[in-house]
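Structural characterization, general
Here is what each chain is made of, one letter per residue.
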Amino acid sequence: MKARLLPSVITMAIATTSAATLADEASYQSFDAHVHGEVALSLAQDGERVFIELTAPGNDVVGFEHQPKNAADQQAVEDAYALLRDGGKRFQLAEAANCQLAETKVTSSFDDYDEHHGHDEHHGHDEHHDHDEHHDHNEHHGHDEHHNHDEHHNHDEHYGHDEHDQGNHNTLSVNYQFVCQTPQAFTELKTDWFSLFPNTEAIKIQAVTDDKVWVDTLIRAKSHIQW
């Protein structure tokens, strides 16, 4: 999985918050556990900039957590990426704050499949090229059998190894950065997440805004909050 930058932003925001404020918000906590149906969202405001990091179980977003095994699985991951990139629709900040999405970064532990799959396609092209150059069909055929056996063995090892190492707990993460023209009006957040990803039951929020530290939970029946 690619490195994510937002946790350091959240950490810095918390570090600059007064100890008294943090003491008043004793329920503030980190939501790092991988729980199906539960999405973790961290939010930090720094003046006109609002940072959101969201981490979701793969099952919540694409319906599975194993490494993609076929074209349909891979398409599901790519479709999820497309939906997650559209952060201005996934999360609507207070209209009065006049916020625009400035940056989006989507990562996932499904990414290893992209490299493996691409390597296999390229390698298959090389095999075809070798076939044209070889004149001894029997010798080439014997080579192919040996090579295909190795490929099959490695293919099984790749998926078995990934599923064992990941424990079938692959996740998707998104970093959003918004810039607000009227940041003091940022006191509202709503989302269409639950209509797009019905496997999610709750989005747990931990937040540091310009004047407070707070936590909240979004559910299907409460996808719009104010503070």
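None of these values were measured; they are calculated from a predicted model.

As a further point, take the sheet that holds strand E6 (residues 188-191). Read across the open sheet, the three strands follow the order E3-E6-E9; overall the sheet is antiparallel. Each of the sheet's edge strands pairs with one partner strand only, and the pair in question is strand E3 (91-93) and strand E9 (224-226). Here the average twist between neighbouring strands, direction ignored, is 15°. Here three bridges tie E6 to E9, and the two strands are oriented antiparallel to one another. Opposite Leu 189, over in E9, you have Ile 225 as the bridge partner.

The next thing to look at is the confidence of the model for the protein. In the predicted model, the protein carries a mean pLDDT of 75, and the fraction of residues at 70 or more is 60%. Counting contacts from residues 11-32, a segment whose pLDDT is below 50, to residues more than four positions away or on other chains yields 27 contacts.

With that settled, consider the pairing of strand E1 (residues 38-46). Each regular strand displays side chains that alternate between the two surfaces of the sheet. Along E1, seven of the nine residues are buried, which leaves the element largely enclosed by surrounding structure. Pairing geometry for E1 and strand E7 (residues 202-209), over seven bridges, is parallel. The residue of E7 that forms the bridge with Ala 44 is Val 208. Of the strand pairs in this sheet, E1 and strand E2 (residues 49-57) are connected by seven bridges, and their pairing is antiparallel. Bridge pairing in E2 places Ala 40 opposite Thr 55. Counting the residues between successive antiparallel strands, the hairpin from E1 to E2 contains two residues, one of them, Gly 47, with a positive phi of roughly 65°.

As a further point, take the pairing of strand E5 (residues 171-180). Across the ten residues of E5, ten count as buried, placing the element largely inside the fold. Side chains of E5 alternate between two faces, with Thr 171, Ser 173, Asn 175, Gln 177 and Val 179 and Leu 172, Val 174, Tyr 176, Phe 178 and Cys 180 buried alike. Sheet analysis places E2 next to E5, joined by nine bridges and oriented antiparallel. Residue pairing in the sheet places Arg 49 in a bridge with Val 179 of E5.

For the coordinates displayed, the defined rule picks out four salt bridges. Here Lys 89 and Asp 86 are joined by a salt bridge, their closest N and O atoms 3.9 Å apart. The closest approach of N and O atoms between Asp 216 and Lys 222, which form a salt bridge, is 2.9 Å. Residue Lys 222 is classed as partly exposed on the basis of its relative accessible area of 33%.

With that out of the way, let us pick up the sheet that holds E1. Within the open sheet, the six strands sit side by side as E4-E5-E2-E1-E7-E8. Their pairing is mixed. Two strands close off the open sheet at either side, each with one partner strand: strand E4 (99-108) and strand E8 (212-219). For this sheet, the mean inter-axis angle between neighbouring strands, taken without regard to orientation, is 15°. Strands in contact with helix H4 (residues 71-85) are E4 and E5; relative to E4, the strand with the most contacts, it is inclined by about 155°.

The next point concerns a negative patch on the surface. Negative charge collects at one region of the surface, where Asp 46, Glu 48, Asp 210 and Asp 211 lie side by side. Mapped onto the secondary structure, Asp 46 falls in strand E1. Taking relative accessible area as the criterion, Asp 46 reaches 56% and is therefore assigned exposed.

About the cut-offs
- Residues numbered from 1 in each chain as written.
- Predicted model: local features only at pLDDT ≥ 70, side-chain atom pairs only at ≥ 80, totals over all residues.
- Heavy atoms only, no water.
- Pairing = 2+ DSSP bridges.
- Helix = DSSP H or I, 4+ residues; strand = E, 2+ residues; numbered from the N terminus.
- Axes fitted to C-alpha atoms, helices over the stretch in contact; angles between N-to-C directions.
- pLDDT = per-residue confidence, 0-100.
- Contact = heavy atoms within 4.5 Å.
- Buried < 20%, exposed > 50% of the residue type's maximum accessible area, 1.4 Å probe, protein only.
- Salt bridge = Lys/Arg side-chain N within 4 Å of Asp/Glu carboxyl O.
- Patch = residues over 30% accessible without salt bridge, like charges linked within 9 Å, V, L, I, M, F, W, Y side chains within 5 Å.
- Areas by Shrake-Rupley, 256 points an atom, 1.4 Å probe, with all protein chains shown as cover.
- Lys, Arg positive; Asp, Glu negative; His and termini not counted.
- Charge placed at Lys NZ, Arg CZ, Asp CG, Glu CD.

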